[in-house]
Each structure stands twice: as structure tokens, then as C-alpha cells.
Amino acid sequence: MRVYAQQGYGTGANGGKIVEGLQQGFIHGAILSPKDYRIERVSDLLATMSSDHSRAERLFDPQVYASLIAHDPAAKMGRLLENDYPYFGSRRRSQLETESTVVEDLRACLAFQRDLDVTKAIAPNILIKRSFNSIEGLIAKTFIRHAARIWAQVGDDRPLLATIAVDADALQDRNELASFLGDITVLEEPPSGFYLLVANPASQIGPELVDYRTLAGWMLLNHALSVNGFEIVNGFSDILTPFLCAAGGQAGATGWWANLKVFSMDRFEPPSPGGRRPVLRYLSKALLNSIRFDELQRLRGLFPAVLNGLATDSLYDEANGSQPDDQQAEVLQTWDAVSSFAPPGTTPSLDQCVDWVRNSRRLYDSINASPAMRLVGRSNDNHLDHLLGGLKLFAELAEIDLR
């Protein structure tokens, strides 16, 4: 199982957070974001990674899925509409219904990545909203069907990942998902693998977590594609990374802001008024959840099992109220926690995932038995039923026996 940095705004000078994560061995690569990074900085970071961390994966998400809202003058396109990224432009859905336009966009985007020092190229795509059986679904399959052929024409022998970006709700229709998988696993010219993005709508559980039906569908995507010999990289997967890798994926990614932990088009939508800096959190492996630093301070003495026992625990000094110095500490702790679910070169098993959820339930029950200790809001235990339910539903759909 591999964990990548999902790069975005606030990376820091000279690759800051990403370089530190690589040096500490918490991450195994990075997925760079043109929205938040000038091409000079992209090239510099890729060069640093290639020179100092040559075994790390270097990926570039072209973010063409945002092109359908780029016509809105209030949209947050960042650097995408600047001269740095000439392949990117505003598109209407009707334009992409013409196959030649899709091919043109693929060619421009992949020719651009050919000149980047990436270890794999990522082919662009649009977001499939609501249903695979839709105009967006047809356009997405057109992007996927032509990707490998265009890369062979403009690229080189580096692997190519095709993007599948889909709304969480669309993954819940088993029949449409099965039909989509049936179409993309029999391509005449297939890519080497897929870059999977699941847009998670607002829910009553923590934003890094998903409804059990969505989790089952996401895991089934990983399983079916892996069985057919494809490499799978899950973007914006955060704490779900070990569950997705247990289903067949090879890698997941997460970053330092909420919009780098969860894939959402809100990242590009016009900004809402107000807002404040988020409270720093601690990802507890035992709880399978991120809790506030002040909640960690309240719990750690009576329930030491909430601590991971990893080196990055020292960043949450009890003498300082468990509050880390800055946001970089939070992302280093998150990367350390997620990557430690499976040692390098190994993959979690589905039975391990079930055990993690059941052990987490026991710990939450102990904490919740004391009203003064009970965790509320996004730190509570609502996600556990979804995790276990997702595992069980996935096992049923994939015809796999769970312990």
C-alpha cells in the first residue's frame, strides 16, 4: 500500500510539506495540482523529487473535470486559466458530446504532460454526476476509450492512468456500475491503470468518510479493475486508503486541507462568505477517525489507546494541551498514521479491516460510557456502521467471504 500527498494551496517553499513527508518516509509520492501551483514550481518540485527521492511517484492531476464550470467568472480556477496550462479551457457539456473535441482535449493535455518529469501520466476526464447511465457517463467513457491511443501517439513508454471521477451517489447503483465496469475492462487499447476520484456530498459523518453504499461501490471499482490487471491510484482517499487497498487498489492520497482529503467540485465553485481556519485534528487509527486536538488532550490519559504510538505523536505534546505548532504537523501526522496501516510492500486484508472496525467500536463504547468523555460532531462513532456495512456489502457484491 502506498500513500501519496494530494498537493494543493499552502505546500510551502521548495515543496515544504511534501519534501518533509518524503524525507520522513510517511509518503511514497505526490499528486500535483495545477490549480494551486505555477508551472515553474511544479517543475522545480518534480526535479527535487526526481533528484532526492527518485523512488517516489510523481503524478500530475490535470484537473480538466473543472473545465465545465470554468465559464463562471466567479469560479475559483486559480492558475488553471493562466498561460501556465494551455491545455485547460472552459468547456460546455455539449462541446464534449462531439468525439473529436474529446480527442483534441486529450491530445493537448497528454502532450503537455509528456514534457513533465512525471513517473506516470494522468489522462483527463469529466465528473460523472448522479448516474453512469448519463451524457456525462458517455463522455467519460469516450475520454477513457481514446486515452491510451493518444498517449501512444504523443507520449512515451511511461505508464498512463485514465481518470474516473464520479459522484458518490452514482456508485450506489449496482447495475449501472457493473455495466460501466463491463465497458471499460474490455477496451481494445487500455491504459495501464486508473486514477479514481469520488465526489462525496455533505453527510452526517466526517467528511473524510462515506455512506456504506458509496464505500462498497468504491471498493468494487478497485477490486474489479485490479482483477483485470489495472493499477489503481485513489485520489483524496485519506483514512479510507487501507480499505480501498484491501479491495485491490495500490495507492491512496490525502493532503492538509479538507478539500485535499475529500474530492469535491466545491474546491472550484464561487467562494462562500465568511469561514474560519479549521481546528487542528489528530487521526487516531484506533478510532478510525480524526478528532480535535482538545479532544485528544481530554482522552489520552484515561484512554491511551486513542494514541497511535507513532513518532508523530510527539507533535501533539500533552504539555501543550495536545495542540501542535502548525498545520504542517497535522498533515505529517495524518500521512504517518495512514501509511502505518500496512508496512511498505504489504497490503491490508479485508479481515483486518473488519477487525479494525470492531476494535474501534469497543473503544468508542468505552469512551461513550462516560458522558464527560463522549465524542460529538464529526468525531463521533457514526462512521463505524458505514465502514462495516460497506465492507459487508462489498464482500457480497464481489462474492468474497468475510471472517
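Everything in this summary refers to the structure shown in the same document. (Residues numbered from 1 in each chain as written. Predicted model: local features only at pLDDT ≥ 70, side-chain atom pairs only at ≥ 80, totals over all residues. Heavy atoms only, no water.)

With that out of the way, let us pick up the pattern of salt bridges. Evaluation of the coordinates by the stated rule reveals 24 salt bridges. The partner of Arg38 in a salt bridge is Asp84, and the shortest N-O contact between them spans 4.0 Å. Here the residue Arg38 occupies a position in the loop between strand E2 (29-32) and helix H2 (39-52), and Asp84 occupies one in the loop between strand E3 (57-60) and helix H3 (93-96), the gap between them amounting to 46 residues. Given a relative accessible area of 13%, Asp84 falls into the buried group. (Salt bridge = Lys/Arg side-chain N within 4 Å of Asp/Glu carboxyl O. Helix = DSSP H or I, 4+ residues; strand = E, 2+ residues; numbered from the N terminus. Buried < 20%, exposed > 50% of the residue type's maximum accessible area, 1.4 Å probe, protein only.)

Mapping Ala372 onto the fold places it in the loop between helix H12 (350-368) and helix H13 (382-398). Assessed through its relative accessible area of 56%, Ala372 is described here as exposed. Taking C-alpha positions, Ala372 is 10.0 Å from Leu299, a pair spaced 73 residues apart along the chain.

Turning next to the packing of aromatic side chains. The full count for this structure, using the stated rule, is 15 aromatic pairs. A ring pair is formed by Tyr87 and Phe112, whose centres lie 5.1 Å apart and whose planes are at 50 degrees; its orientation type is tilted. Of this pair, Tyr87 sits in the loop between E3 and H3 while Phe112 sits in helix H4 (residues 99-114), and the two are 25 residues apart along the sequence. Across the pair, exposure class does not vary: Tyr87 and Phe112 are buried alike. Where Phe132 meets Phe180, the ring centres are 4.6 Å apart and the plane angle is 35 degrees; that geometry is what we call tilted. Taken as a pair, Phe132 in the loop between strand E5 (127-128) and helix H5 (135-154) and Phe180 in helix H6 (residues 174-184) lie far apart in primary sequence, 48 residues in all. The class for Phe180 is buried, based on a relative accessible area of 2%. Grouped by ring-pair contacts, the aromatic residues Phe60, Tyr85, Tyr87 and Phe112 constitute a single cluster. Between Lys17 and the ring centre of Trp256, over which it is positioned, the NZ or CZ distance is 5.2 Å. (Phe/Tyr/Trp six-rings, centres within 6.5 Å; stacked < 30°, edge-to-face > 60°. Lys NZ or Arg CZ within 6 Å of the ring centre and 35° of its normal.)

Fair warning: the whole summary comes from geometry, so function is off the table for now.
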